[in-house]
Amino acid sequence: MAVQTRVLVTGAGGFIGHHLVSFLKKKGCWVRGVDIKEPEFCKTDADDFIVLDLRWRENCVRATHDIDEVYALAADMGGMGFIQSNNARILHNNSLININTLDSARQNGVKRYFYTSSACIYPLYLQKETNVTPLKEDDAYPALPEDAYGWEKLVTERLCMHYTQDYGMQTRVVRFHNIFGPQGTWTGGREKAPAALCRKIANAKLSGNREIEMWGDGEQTRSFCYIDDCLEGIFRLMRSDHHEPLNLGQDRMVTINELAYMIAKIAGIEITIKHIDGPQGVRGRNSDNTKLRQVLGWEPSISLEDGLAKTYAWIEEQVKVSSEK
Ligand code: NAD
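My aim in this report is to walk through the structure given alongside it, one point at a time.

1. Concerning the overall build of the chain
In terms of helices and strands, the chain carries 10 helices and 13 strands. Its C-alpha atoms give the chain a radius of gyration of 19 Å, near enough to 20 Å, the size a compact globule of 325 residues would have. Each of the 325 residues in the chain was classed as buried or not, and the buried ones make up 54%. Counting only contacts in the chain whose residues sit at least 6 apart along the sequence, the fraction spanning at least 24 positions is 78%. The distance from the centre of the 39 positive side-chain charges to the centre of the 43 negative ones in the chain is 3 Å.

2. Quick word on the site of the ligand
Taken together, 27 residues lie near the ligand, and Ile-16, Asp-35, Asp-53, Tyr-149 and Ile-179 sit nearest. One of the backbone nitrogen or oxygen atoms of Ile-36 is found 3.3 Å away from a nitrogen atom of the ligand. At 2.9 Å, a backbone N or O of Leu-54 approaches a nitrogen atom of the ligand. At the level of secondary structure, the elements contributing two or more residues to the shell around the ligand comprise helix 1 (15–26), strand 5 (112–118) and helix 5 (148–167). Examining the composition of the shell around the ligand, we find that 3 residues originate from one element, strand 5, more than from any other. Considered class by class, the residues forming the shell around the ligand number 13 nonpolar, 7 polar and 7 charged.

3. Points about the packing of helix 2 (residues 57–64) against helix 4 (residues 87–107)
Orientation of helix 2 relative to helix 4, taken along the N-to-C sense of each, is 50°, at an axis distance of 8 Å. The orientation of helix 2 with respect to helix 4, classified from their angle, is oblique. Of the two possible hands of crossing, helix 2 and helix 4 adopt the one that is right-handed. Where helix 2 abuts helix 4, its residues Arg-57, Cys-60, Val-61 and Thr-64 lie against Asn-100, Thr-101, Asp-103, Ser-104, Ala-105 and Gln-107.

4. What about the side chain of Asn-286?
Among the secondary structure elements, Asn-286 is positioned in the loop between strand 13 (272–276) and helix 9 (290–296). At a separation of 3.2 Å, a polar atom in the side chain of Asn-286 contacts the main-chain carbonyl oxygen of Asp-251. Those residues within four positions of Asn-286 in sequence are excluded, and the remaining contacts are Val-132, Pro-134, Leu-135, His-177, Ser-223, Gln-250, Asp-251, Arg-252 and Met-253.

5. Some points on the pattern of salt bridges
Counting across every chain of the model gives 22 salt bridges. A salt bridge links Glu-213 to Lys-274; the shortest N-O distance between them is 3.8 Å. Placement of the pair is Glu-213 in strand 8 (residues 211–215) and Lys-274 in strand 13, with a sequence separation of 61 residues. Across the pair Glu-316 and Lys-320 runs a salt bridge, and its minimum N-O distance is 3.3 Å. With Glu-316 and Lys-320 both in helix 10 (residues 304–324) and 4 residues apart, this pair spans about one turn of that helix. Glu-316 gets classed as buried once you look at its relative accessible area, which sits at 11%. Given a relative accessible area of 30%, Lys-320 falls into the partly exposed group.

6. Some thoughts on the state of the cysteines
Under the counting rule described, the total for this entry stands at 0 disulfides. Note on Cys-29: no disulfide assigned, nearest cysteine sulfur contributed by Cys-230 at a separation of 16 Å. With relative accessibility at 10%, the residue Cys-29 sits in the buried group. Taking relative accessible area as the criterion, Cys-230 reaches 0% and is therefore assigned buried.

7. Concerning the packing of helix 1 against helix 7 (residues 227–239)
Interhelical geometry of helix 1 versus helix 7 gives an angle of 65° and a closest axis separation of 10 Å. With respect to the hand of their crossing, helix 1 and helix 7 are arranged in right-handed fashion. Contact residues: Phe-15, Ile-16, His-19, Leu-20, Phe-23 and Leu-24 in helix 1; Ile-227, Cys-230, Leu-231, Glu-232, Ile-234 and Phe-235 in helix 7. Residue composition of the contact of helix 1 with helix 7, by class: 10 nonpolar, 1 polar and 1 charged.

Quick notes on the rules
- Residues numbered from 1 in each chain as written.
- Predicted model: local features only at pLDDT ≥ 70, side-chain atom pairs only at ≥ 80, totals over all residues.
- Heavy atoms only, no water.
- Helix = DSSP H or I, 4+ residues; strand = E, 2+ residues; numbered from the N terminus.
- Rg over C-alpha atoms; globule rule 2.2 N^0.38 Å.
- Buried < 20%, exposed > 50% of the residue type's maximum accessible area, 1.4 Å probe, protein only.
- Contact = heavy atoms within 4.5 Å.
- Lys, Arg positive; Asp, Glu negative; His and termini not counted.
- Charge placed at Lys NZ, Arg CZ, Asp CG, Glu CD.
- Near = heavy atom within 4 Å.
- Polar contact = N/O pair within 3.5 Å; in protein donor to acceptor, adjacent residues only side chain to side chain.
- Nonpolar A, V, L, I, M, F, W, Y, C, P; charged D, E, K, R; others polar.
- Axes fitted to C-alpha atoms, helices over the stretch in contact; angles between N-to-C directions.
- Parallel < 35°, antiparallel > 145°, perpendicular 65-115°, else oblique.
- Left-handed = near helix turned anticlockwise from the far one by under 90°.
- Salt bridge = Lys/Arg side-chain N within 4 Å of Asp/Glu carboxyl O.
- Disulfide = S-S within 2.5 Å.

Here is the structure:
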């Protein structure tokens, strides 16, 4: 009988981590999930789920014990509102989580380590226009991320690189571009633009008040990648021999206004947008997927419309249930 790969997913109580646990179970792995909290929306599929605070080394040593491969997703994070107003906390907590998880994995002889970085590492000076040139992996330097969240991600990318050079540890590093889907945070202040807009539009539909508020003029641009494509990309990168950072996202850029009107169309209502002051992040961002295609022989293909339809349906249900409480 083939020996099952024993994997650890950190951040397994969060959006991507929870989905990744289910995905890896279907691939036949034995999965341990670790997070500071249980998954919020449905039970985990993990063989073993431990609630641990990964800022502390002894917890990281316990989490990585008897594990072949680590998928490191745990992070203190959220949407722009959270990221821009919690720089000290984010740099402090995520540095501790990542330094301790990576070094405990080394100590415990983990064979492969997957680190989830972000498009937020890219320099501010390349993202000043709405009609931006898509970002290539090499654009990361000279470095100038906008917030502490991006700086910390960049330092941990480098830590992975040095653990490979100095200790021979196999590391894989992905830079996600706006992943969205069902069972992600949709309220409470840490939600990101797609989830926040789905919630606002569901509220507009259910209340009859068709005006929604949006931070900024809505002309800022992004690309968005559906969770199922993200999971496939993670798996393919982990199995590849590529040990440098790789973009993982869609390369179809839309404005946040366009995103809102797409969701309203899915909801079957007409909305008006009231633009208010608020954190917006960089003016424009898109993923250059040239290297992704070369390395993985694949790229995300689920359309934004299809992904949003599934996400909106789930969030509308959450809004209905919470308004009945
Ligand atoms: P998430 O917030 O849903 O998941 C992160 C999880 O980490 C949470 O469940 C949280 O409780 C856990 N965590 C925080 N502090 C912890 C601690 N001290 N100990 C243990 N667990 C702790 O976020 P997500 O969207 O699932 O993101 C997963 C990873 O991907 C993160 O590293 C994030 O920075 C990265 N990422 C996500 C996106 C995106 O669009 N969702 C984009 C770029 C990068």
